[in-house]
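Observations on the model geometry
Here are the chains, one letter per residue:
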Amino acid sequence: MGDLAGALLFVLHPWPFFYILLGTSLGIFVGAVPGLTGGMLITLTLPLTFYMDSTLALILLVAMYVGSVSGGLISATLLRMPGTPSSIMTTFDGYPMAQQGQPERALALGIGSSLVGGLIAGAFLVLLSPPLSRWAMTFGPFEYFTMVLMAIVLIASISQGSMVKGLIAGFLGIAFALPGLNESDGQLRLTFGFHALDGGFQLLPVLLGVFVMSQIIKDAYEIGKQPVSLELGTGRVRVSLREWRGHAVNILRSSVIGTWIGILPGVGASISAIVAYVTAKNVSDTPEKFGTGHAEGIVASESANNANVGGALIPMITMGIPGSPIDAILLSALILHNIQPGPLLFITNGDFVWALMAAYLVANVLMFLIMTASVRWIARAVLIDKAYMLPVIFVCCMIGAYALSNRMYDVWVVVGFGVIGFFLDRARVPLGPFVIGFVLAGIFEVELRSSMQMSEAGFLGIFDRPIATTFLVLSILMLFWPFVQSWRRRTKKESPS
Amino acid sequence: MSDTSGRNRTNLLLASALVLFSGLLFRGALDIPPPFFDPLGSAAVPKLVAGVLLVLALVLGASAVFDVRAEEPAGPMPAAIEADEKAAPASPVTAAAAVLITAAYVGSMHARLLDFAAASTLFVLALGMLLARGRMRALLVLVPLALLLGYGFEWLFTRVLFIDLPQRSILLEGLSGG
C-alpha cells in the first residue's frame, strides 16, 4: 500500500496531474464524438509522446483510455449513436430514457456507474497485479507461446460475429508482422524484392492505418448519417443516494464481470458491456423493461465497460499481454519508450507501474468530475462537422507516421492499412484481433522457436509444463466450444418437446 | 439483393482474397533458406500462418457456398436502432474519392512536387469540400483551417519542435525560381 500511496502523491504533482486532466478531457471528448474512438486518439498521440518522459507519456495515454470509454455514453444517450463501441449497450436504455424526458438522469446513472466500475476494477488492478506478476515470472517460452495462442483464440471466439472471421483477423495480423528482418536469426524474409520492406511494417503506421485511416474512410462512407441530438433540460445531472443503493448489487456484479473479461487477454470493453447487460437482464425481476429506458441497463453497461479498462491493464502490466485492442497500443507505447513489458516490469520499473495504476484511479475520479460538470457543453460539441475534423486528423496522422523515420513509405503504409482495415470492417472481420495478432506476432514466434530449441521432445515438451498444457487445453476448448454450442442448440430444436 | 446473398458474396470474395494471400505468403516462405541453428527456422511460422489462413479461407468459402450462416445472431439490439443502422445511407463514391485525395496528397509529397505546407493546405480544402458535399459556406471554416494546418504546422514542427516534414524537390524549386 505504501507504493500506491507514494504513486498517488506523485500523480497529484502539477505535471502528472495536468497530463491526467488533459488525457481524461480529450478522451471524454473523443469518446463522445461518434466516429472518433479512443484507439484513434491514443494512436495519434503516441508519436507526440516520443519526446516526453515515459511515465508522463503513459499516464497521458492511460487517462485518454479511461476518458474515451466513459465519453461514449453521452452520444449513446443523446444521439442514439454510441460514441465508442463499448457504449453500444448504453444506447438501448440511455436513449429511450432521454426521450422520456430524463436525459439528465440517464447521464447521471451512466457517469456514476462508470466511476464505481472504474474504481472497483482499480482495486482489482492494485491487489492482483503484484501476485500475478510474481506468478508470471515462472513462465517459460512454452507458457508464453500458449498464452499468445490462447489470447488470439479467445478474442476470436468472443468477437462479435463469426469466430472464423475473428481467427482470420488474428492470423492476418500475425502475417503482416512477418516481413522484414527476423529478430531471432537476422534472416530477411517475405520482402519480395522491395527494399522498403526490409524493416517490415512498423507498428505505429500500422496502428494509424487500422485505427485512424480506416475510420476516416468509414466516416466518409457514412457521411450521410446525420445524428440528431436530444436537448438536455435544466435539471441537475445527478441521482439520489437512495436510487444508487437500489443499484448496488447490479453495479458490483457488472463491475466484476467487466474486470474479469478485461483480464482475459485480448477482449475489449464492448464484450464486457454486452455480457454485463445480458446478465443483468437475465437476473432482473423486470427483464421486459430492458431496452425501454430501464436504469438497470445503463448501470450494467457503463459499470462493466469502465471496469474493463482496469481489468485489461492487469495482463498488460503483469505479463506484457494486451487485455484489449487499446492495451495493444499501450503495449506498443511501452516498447517505443524502451520499457520492456512483462513480469519483470514490477522489478525493473516498479515506480512506473505504480504511477500508472495511480493515474488510472485518479483519471476515473477526474472523469466523474469533468463529465458531471461539463456534460452540457460536451453534448453540444459532439455534433462537430466531420468535413472539418477528418482532414485535420489525417494531417496529424501523416505527421506522426513521417516523423517516425522521415520516410514517405510509412505514410503509404498508413494509407494501405487504412484501406485494408476498411475492407475488413465492411466484410465484418473484427479489427481488434488483427491488431492483437500484429502486436503479439513477435512474442508468438520468438517463444515458439525458443521452446523448440529448449525442448528435446519437440512440441510434445509442452506436456511437461502444466501451465502451458492448461493454456493449450483452454485454447482448444474455446476453439471448439461455439461448435458444441451450435450442435446443442440444433439438437435441442430437433428433439420433440 | 437479400442480406444473406450479399453476405455470402462478401464472404466468398474475402475467402478468395485470403486464398491468394496465403499462396503469396507460402511462396515467399519457400524462398527463405533452411534453418542453421534452431529446429524451426524463419520459414516455419510464415508457412504455419499461410496454412491456417488457407484452412480458414476454405471454411469461410464453403460456408458461403453452402449458405451456412457463419455469423452469430446479432445481440439484443432494439428494432429501432437496428433499422437506423440499415437505413444509414452509404456513399461508396465519397469514400473512394477520399482515398484518392489522400493518395494524391501523399503522392505529391513523395514525388516532392509539393512541400508539406502547400500539400496539406490543398488536401484540407479538397477533402473538406468533398465531405461538406460542395457547401460553399464550409469554405469559411476550411480556408483558415487549411492555412493554419499547412503553414502553421510547418512552422511549428520545423522551427519549434525541430521535426522534419516533407520538402519540395530542390530541382523543382530551381525550375520555379523558388
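Scroll up to find the structure.
Below, the structure is looked at part by part. No experiment lies behind these values; they were computed from the predicted model shown.

1. Concerning the overall build of chain B
When helices and strands are counted, chain B shows 7 helices and 0 strands. Taken from N to C terminus, the helices and strands of chain B fall in the order α-α-α-α-α-α-α. In chain B, which comprises 178 residues, the share counted as buried stands at 37%. Long-range contacts, defined here as pairs at least 24 residues apart, represent 59% of the contacts in chain B between residues at least 6 apart.

2. Digging into the overall build of chain A
Within chain A, the secondary structure is distributed over 20 helices and 2 strands. Taken over C-alpha atoms, the radius of gyration comes to 22 Å for chain A, in line with the 23 Å a tight globule of 497 residues would show. Viewed in the frame of its principal axes, chain A has a C-alpha envelope of about 70 × 65 × 50 Å. Evaluated residue by residue, chain A yields a buried proportion of 64% over its 497 residues.

3. Examining the side chain of Asn364(A)
Tracing the backbone through its elements, the reader meets Asn364(A) in helix H16 (residues 350-381). Dropping the residues within four chain positions of it, Asn364(A) is found in contact with Val66(A), Ser114(A), Leu115(A), Gly118(A), Leu119(A) and Asn306(A).

4. Side note on the interface of chain B and chain A
The interface is formed by 73 residues belonging to chain B together with 66 residues belonging to chain A. Inspection of the region where chain B meets chain A yields 1 salt bridge. Here Asp385(A) ties to Arg135(B) by a salt bridge, and the two come within 2.9 Å at their closest N and O atoms. There are 8 residue pairs in polar contact (both at pLDDT 80 or more) connecting chain B and chain A. Mapped by element, the contributors of at least two residues to the side of chain B that touches chain A are helix H1 (3-30), helix H2 (44-65), helix H3 (79-87), helix H4 (92-110), helix H5 (116-131) and helix H6 (139-160) of chain B. A total of 12 residues in the side of chain B that touches chain A trace back to one element, the largest contributor, which is H4(B).

5. Some points on empty space enclosed by the protein
Counted according to the given criterion, the structure contains 1 cavity of 30 Å³ or more. Looking at the largest cavity, its volume works out to about 30 Å³. Lining the largest cavity, in full, are Asp185(A), Gln187(A), Ile32(B), Pro33(B), Pro34(B), Pro35(B), Phe36(B) and Ser42(B). In terms of residue class, the lining of the largest cavity is built from 5 nonpolar, 2 polar and 1 charged.

6. So, the layout of surface pockets
Residues and elements named next belong to chain A. Reported here for the second largest pocket is a volume of approximately 1100 Å³. Forming the walls of the second largest pocket are 38 residues, and the residues nearest its centre are Glu 183, Ile 335, Val 439, Gly 442 and Ile 443. Mapped by element, the contributors of at least two residues to the lining of the second largest pocket are strand S1 (180-181), helix H9 (203-221), helix H14 (325-336) and helix H19 (431-454). Here the element with the most residues in the lining of the second largest pocket is H19; it accounts for 8 residues. A breakdown of the residues in the lining of the second largest pocket according to their chemical character gives 23 nonpolar, 10 polar and 5 charged.

7. Focus on the packing of helix H5 (residues 88-99) of chain A against helix H13 (residues 295-319) of chain A
All names here are of chain A. Between H5 and H13, whose axes approach to 8 Å, the crossing angle comes to 145°. In the packing of H5 onto H13, the handedness of the crossing is left-handed. Residues Met 89, Thr 90, Asp 93, Gly 94 and Met 97 of H5 pack against Ala 295, Gly 297, Ile 298, Ser 301 and Glu 302 of H13. Its residues assigned to classes, the contact of H5 with H13 shows 4 nonpolar, 4 polar and 2 charged.

8. Describing the packing of helix H12 (residues 269-283) of chain A against H13(A)
Axis angle and axis distance: for two packed helices, these are the angle between their axes and the distance between the axes, and together they describe the pair. Residue and element names in this part refer to chain A. Contact pair H12 / H13: the axes reach a minimum separation of 8 Å and the direction vectors enclose 145°. H13 is crossed by H12, and the crossing has right-handed handedness. Contacts from Ala 269, Ser 272, Ala 273, Ala 276, Tyr 277 and Ala 280 in H12 reach Glu 296, Gly 297, Ala 300, Ser 301, Ala 304, Asn 305 and Asn 308 in H13. Considering only residue class, the contact of H12 with H13 consists of 7 nonpolar, 5 polar and 1 charged.

9. A look at H6(B)
Maximal helix bending in H6(B) amounts to about 30°, located at Gly152(B). Among the residues of H6(B), Leu142(B), Leu145(B), Ala146(B), Leu149(B), Gly150(B), Phe153(B), Glu154(B) and Phe157(B) are the ones counted as buried. As for H6(B), its buried residues are in contact with helix H17 (386-405) of chain A together with H5 of chain B. Phe162(B) sits one or two positions beyond H6(B) and adopts a positive phi of about 55°.

10. So, the pattern of salt bridges
Residues and elements named next belong to chain A. Scanning the model with the defined rule gives 9 salt bridges over all chains in all. When the shortest N-O distance is used, the salt bridge between Glu 445 and Arg 189 registers 2.7 Å. Here the residue Glu 445 occupies a position in helix H19, and Arg 189 occupies one in strand S2 (residues 188-189), the gap between them amounting to 256 residues. Like Arg 189, Glu 445 is buried. Notably, a salt bridge pairs Arg 449 with Glu 445, separated by 3.5 Å at the nearest N-O pair. Residue Arg 449 and its partner Glu 445 are located together in helix H19, separated by 4 residues, close to a single helical turn. Neither Arg 449 nor Glu 445 differs from the other in exposure class; each is buried. Each of Arg 189, Glu 445 and Arg 449 takes part in salt bridges that share partners, so that together they form one network.

11. Structural notes on the packing of aromatic side chains
Under the counting rule described, the total for this entry stands at 22 aromatic pairs over all chains. With 5.2 Å between their ring centres and 45° between their planes, Phe145(A) and Phe444(A) make a pair best called tilted. On the criterion of sequence distance, the pair formed by Phe145(A) in helix H7 (residues 141-158) and Phe444(A) in helix H19 is long-range, its members being 299 residues apart. The class for Phe145(A) is buried, based on a relative accessible area of 5%. For the pair Phe176(A) and Phe21(B), a centre-to-centre distance of 5.2 Å together with 35° between the ring planes defines the contact as tilted. Highlighted residues: Phe176(A) in helix H8 (residues 163-177) and Phe21(B) in helix H1, drawn from two different chains.

12. Describing the environment of Val66(A)
With respect to the element layout, Val66(A) can be found in helix H4 (residues 54-78). For Val66(A), a relative accessible area of 1% translates into the label buried.

13. Topic: unusual backbone geometry
Negative phi characterises most residues that are not glycine, and trans characterises most peptide bonds. Even without being glycine, Arg428(A) reaches a positive phi, approximately 60°. Checked against the element boundaries, Arg428(A) lands in the loop between helix H18 (408-426) and H19. Classification of Arg428(A) as exposed rests on a relative accessible area of 55%. Residue Arg133(B) is not a glycine yet carries a positive backbone phi of 55°. Tracing the backbone shows Arg133(B) in the loop between H5 and H6.

Analysis parameters
Throughout this description, residue numbers start from 1 for each chain and increase along the sequence as written. The lettering of chains begins at A and the numbering of ligands begins at 1, in the order of writing. For this predicted model, a pLDDT threshold of at least 70 governs which residues receive local features, and a threshold of 80 or more governs which side-chain atom pairs are given and counted, while totals over whole chains, interfaces and linings are taken from all residues. Excluded from the side-chain calculation are hydrogens and water; included are all heavy atoms of the structure. Numbering of helices and strands starts at the N terminus; helices are DSSP runs of H or I of at least 4 residues and strands are runs of E of at least 2. The rule is simple: take the accessible area with a 1.4 Å probe, protein chains only, and divide by the maximum for that residue type; under 20% is buried, over 50% is exposed, in between is partly exposed. Should any heavy atoms of two residues lie within 4.5 Å, those residues are considered in contact. The globule rule used here is 2.2 Å times the number of residues to the 0.38 power, and the radius of gyration it is set against is calculated over C-alpha atoms. The working definition used for a salt bridge is a side-chain nitrogen of Lys or Arg within 4 Å of a carboxyl oxygen of Asp or Glu. Polar contact is the term for a pair of N or O atoms within 3.5 Å; when the atoms are in protein, one must be able to donate a hydrogen and the other to accept it, and sequence-neighboring residues count only if both atoms are side-chain atoms. In the cavity and pocket records, a cavity denotes points on a 1 Å grid over the protein atoms alone where a 1.4 Å probe fits but cannot get out, a pocket denotes an open set with protein on both sides within 12 Å along at least 5 of 7 lines, and lining residues are residues with an atom within 4 Å of a point. Grid points are joined across faces, edges and corners, and a volume is the space filled by probe spheres set on the points. As a working rule, the residues Ala, Val, Leu, Ile, Met, Phe, Trp, Tyr, Cys and Pro are called nonpolar, Asp, Glu, Lys and Arg charged, and the rest polar, with Gly in that last group. Axis lines are fitted through C-alpha atoms, for helices just across the contact stretch, and the angle between N-to-C directions can take any value from 0 to 180 degrees. Take the far helix as your reference; a near helix turned counterclockwise from it by less than a right angle gives a left-handed crossing, and one turned clockwise gives a right-handed crossing. The reported bend at a residue is simply the angle between two axes, fitted to the 7 residues ending at it and to the 7 residues beginning with it. Only the six-membered ring of Trp is used, alongside the rings of Phe and Tyr, when aromatic pairs are assigned; centres must lie within 6.5 Å, and planes under 30 degrees apart are stacked while those over 60 apart are edge-to-face, with the rest tilted.

Structural measurements only, silent on function.
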